[in-house]
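Structure at a glance
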Amino acid sequence: MTQPNPGAAPSAVPSAVPSLPEPLRATAAAAPDGDFAGLLERAMKTVREYAVGWTDHNPSDPGITLLESVVWSIADLHYRTGNRPLSGWSAEAGLFRDVDELHWSRIPLPNSPDRLKALGDLLAGLTADDRQAVRAAPTRQAADKHLSGITAPDDDPVAERALRAAAIRLLRAPLVQQAMLDAPEPAEDPPGPGAVLFAEEQAAIEERHRRTSAAERLRSAEDRVRELVSRAADRVSAQAALAEEFGLDAAAAAEAVGVHPAPPGTGPEDWERADGSTTSWPPHPLQTRTVEPVTTGDYARLAVGLSHDVTGAPDGSGTVSVSRAWAVPGVLPGIGFDGRETDDEANGAGATRPGAITLLVEPDRPDVLTTRAERLGFLHRVLALALSGPGETAEIDAPYENVHHDLGRLAPRRLIGDEIGAALLGTCSVILRGVVYVPVTAARQRVLRDALTRVGALLKTGRRQNADLAAEQVHPRDTDGPWPRPDRLAAAPAAGWRPGEPVRLAELVQVISDDPEVLGVEDLAAAVVPDAAGGGPRAWHVDELPLPRHCVPMTAPDEQHCLTVRLEVREGCADGS
């Protein structure tokens, strides 16, 4: 609004005050959704607990700014998926169309340091006349021809053309943006040879205008939209009714149907492509209610069965596969998401920050991985294959790239915020100490040997309830959608003892006693044998034996145990009973 000049004549003062738009009002979040303030408070509490020293919690701190941006996005998504009004329909709805349909995303920017430097050198070397020639070019081909005449030849012609395309995109982006602001009613005819905009740029502006106009028409009649959709027999007839009454094209009518919380005859797949990606944003409520949560078990399934040729032997003798895999919280000694080794605390090993997950893998042929380089190379390959699909760039090979269409629609194949590393499964040798009571007629050495064999079988196969739980889980081959990777069948969940799960001594007593000749067990204790590097003295435990997160238990050789056999003499009463 323009303030009137106090010294001007009365006729210069507006006779009526312009009407003000409706004020923005906060929408109360419905449980279990949270509003911005509540989510930010929870996020800050987590930061203070897990990221001491990361930020001083000032609003101007970059870390807090990033956190507020994430929290705002989450709160906005909660609102949009729970309350889907037309007022929240973006003018650019449909951004999840194929990349080739979006002129501003068709030309990727380089994503390697060398190519970025080359792009910077190219732009810096352009004169003002060169820049103006690109801006005034009637077609993209003309702009490319001008740049090709002033740039030095590249050893890679394909990379050279991509570099020129990126430069044209950057030089012309302000023109397209300004045209969107200056042209509320874009021209119906495509631009001629002397026009500033390319034909595809003009088409994009016209498309945006059509979508904006459709949104404006529908916002003024939201109740009527819901009424028409409710009366329709199915989605097709609902789209036809909306297109006829509001003059919408097919794309706009299809999205308008989604304003209804449950359109007749529709399901989640009506807003998804064949690969499971959404065609509508924000997602329709029917989609959000049928989405399967991603669990640590899903990450583990992505790694099972992957193989890597370690030695390159022609006969395949150097190929190592993942026989079992688990996903455990935290960072373990191995390899990080960015390819660096996490071998000690200084490199992140042992961290338990939120989102940190390690794929703990068991190679089927550990004897092939004889060197440190071979072990790290195997983990690198496993992580690359697990979190990328055919033709996709593995995140571990480009860890700090922006997530855009160069990496594929699903890559990296993880949740935003999850930090996925990889480590080799370790084993912890367990020794026992205690007293076993047997009758005088028992073969003491055989009883002890059989008891240790039963203990070893328990530690190898795991608890029965763990196996039952794994058998009950739904495998990816029985589900639809893009997660886990649809191009191969994932193996069943890992059987056996779960890494890091403590050993309960009461279970060992029960297993040892599972022999008619074992009359009882007393003072049983267990300890983990220190490694060769020196793990300190043995720590004996009588209730529960804790294990490191990266290892599963196994029984030590028989001679290392401290089990004592005592003979129990049982005599009858005098009356013969």
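What you see is a predicted model, and the numbers here were worked out from it, not measured in a lab.

The subject of this paragraph is the overall build of the protein. Along its length, the protein carries 17 helices and 12 strands. When each of the 577 residues of the protein is scored for burial, the buried share is 37%. For the protein, the computed accessible surface area is about 32,600 Å², with 55% contributed by carbon and sulfur atoms.

The tally for this structure, following the rule as stated, stands at 15 salt bridges. The partner of Asp121 in a salt bridge is Lys117, with the nearest N and O atoms 3.1 Å apart. Here Asp121 and its partner Lys117 are both found in helix H4 (residues 113-124), 4 residues apart, which amounts to about one turn of the helix. Take Asp121: its relative accessible area is 45%, and that puts it in the partly exposed class. Glu362 is paired through a salt bridge with Arg324; the nearest N and O atoms lie 2.6 Å apart. With Glu362 in strand S5 (residues 356-363) and Arg324 in strand S2 (residues 319-329), this pair connects stretches of sequence that are 38 residues apart. Taken together, the salt bridges that share partners define one network made up of Arg224, Glu227, Arg231 and Glu245.

What follows deals with unusual backbone geometry. Of note in this structure, Asp523 is not a glycine but carries a positive phi near 55°. Within the secondary structure layout, Asp523 lies in strand S9 (residues 520-528).

On to the state of the cysteines. Counted by the stated rule, this structure contains 1 disulfide. Between the sulfur atoms of Cys428 and its disulfide mate Cys551 the distance is 2.1 Å. For the disulfide bridge between Cys428 and Cys551, the dihedral angle about the S-S bond is near -105°, and by the sign convention the bridge is left-handed. Here Cys428 is found in strand S7 (residues 426-439), whereas its partner Cys551 is found in strand S11 (residues 551-555), with 123 residues between them in sequence. Take Cys428 and Cys551: they sit in the same class, and that class is buried.

Here S7 lies mainly inside the structure; 11 of its 14 residues are buried. Bridge analysis of S7 against S11 gives 5 bridges, and the strand direction is parallel. Residue Val430 lies in a different strand from S11, and its bridge partner there is Thr555. With 7 bridges connecting them, S7 and S9 associate as antiparallel partners. Within S9, the residue paired with Tyr437 across the bridge is Gly520.

One can describe the packing of helix H9 (residues 222-231) onto helix H10 (residues 235-246) by two numbers: an axis separation of 8 Å at closest approach and a directional angle of 140°. In this structure, the crossing between H9 and H10 has a hand that is right-handed. Contact residues: Arg224, Val225, Leu228 and Val229 in H9; Ala238, Ala241, Leu242, Glu245 and Phe246 in H10. Of the residues belonging to the contact of H9 with H10, the class tally is 7 nonpolar, no polar and 2 charged.

All chains considered together, the criterion is met by 1 aromatic pair. Between the NZ or CZ atom of Arg172 and the centre of the ring of Phe198, over which it lies, the distance is 3.6 Å. Its end group placed over the ring of Trp540, Arg433 keeps NZ or CZ at 4.4 Å from the ring centre.

So, on to the nonpolar core. Core analysis: the largest hydrophobic core is formed by 28 residues, its most contacted members being Leu359 and Val361. Only helix H13 (296-303), S2, S5, helix H14 (372-386) and strand S6 (419-424) provide two or more residues apiece to this core. With 6 residues, H14 is the largest single contributor of residues to this core. If we ignore the near neighbours within four places in the chain, the residues touching Leu359 are Tyr299, Ala300, Ala303, Trp326, Ala327, Leu383, Ala386, Ile420, Gly421, Ala422 and Ala423. Listed in part, the 26 residues of the second largest apolar core include Ile512, Leu524, Ala526 and Leu545.

The next point concerns the environment of Val438. Following the sequence through the fold, Val438 ends up in strand S7. You can call Val438 buried: its relative accessible area is 1%. Measuring from C-alpha to C-alpha, the distance between Val438 and Leu519 comes to 5.4 Å, with 81 residues separating the pair along the chain. Setting aside anything within four residues of it in sequence, one finds Val438 in contact with Arg444, Val447, Glu517, Leu519, Val565, Arg566, Leu567 and Glu568.

Rules used throughout
- Residues numbered from 1 in each chain as written.
- Predicted model: local features only at pLDDT ≥ 70, side-chain atom pairs only at ≥ 80, totals over all residues.
- Heavy atoms only, no water.
- Helix = DSSP H or I, 4+ residues; strand = E, 2+ residues; numbered from the N terminus.
- Buried < 20%, exposed > 50% of the residue type's maximum accessible area, 1.4 Å probe, protein only.
- Areas by Shrake-Rupley, 256 points an atom, 1.4 Å probe, with all protein chains shown as cover.
- Salt bridge = Lys/Arg side-chain N within 4 Å of Asp/Glu carboxyl O.
- Disulfide = S-S within 2.5 Å.
- Pairing = 2+ DSSP bridges.
- Axes fitted to C-alpha atoms, helices over the stretch in contact; angles between N-to-C directions.
- Left-handed = near helix turned anticlockwise from the far one by under 90°.
- Contact = heavy atoms within 4.5 Å.
- Nonpolar A, V, L, I, M, F, W, Y, C, P; charged D, E, K, R; others polar.
- Phe/Tyr/Trp six-rings, centres within 6.5 Å; stacked < 30°, edge-to-face > 60°.
- Lys NZ or Arg CZ within 6 Å of the ring centre and 35° of its normal.
- Core = buried A, V, L, I, M, F, W, Y, C linked by side-chain atoms within 4.5 Å.

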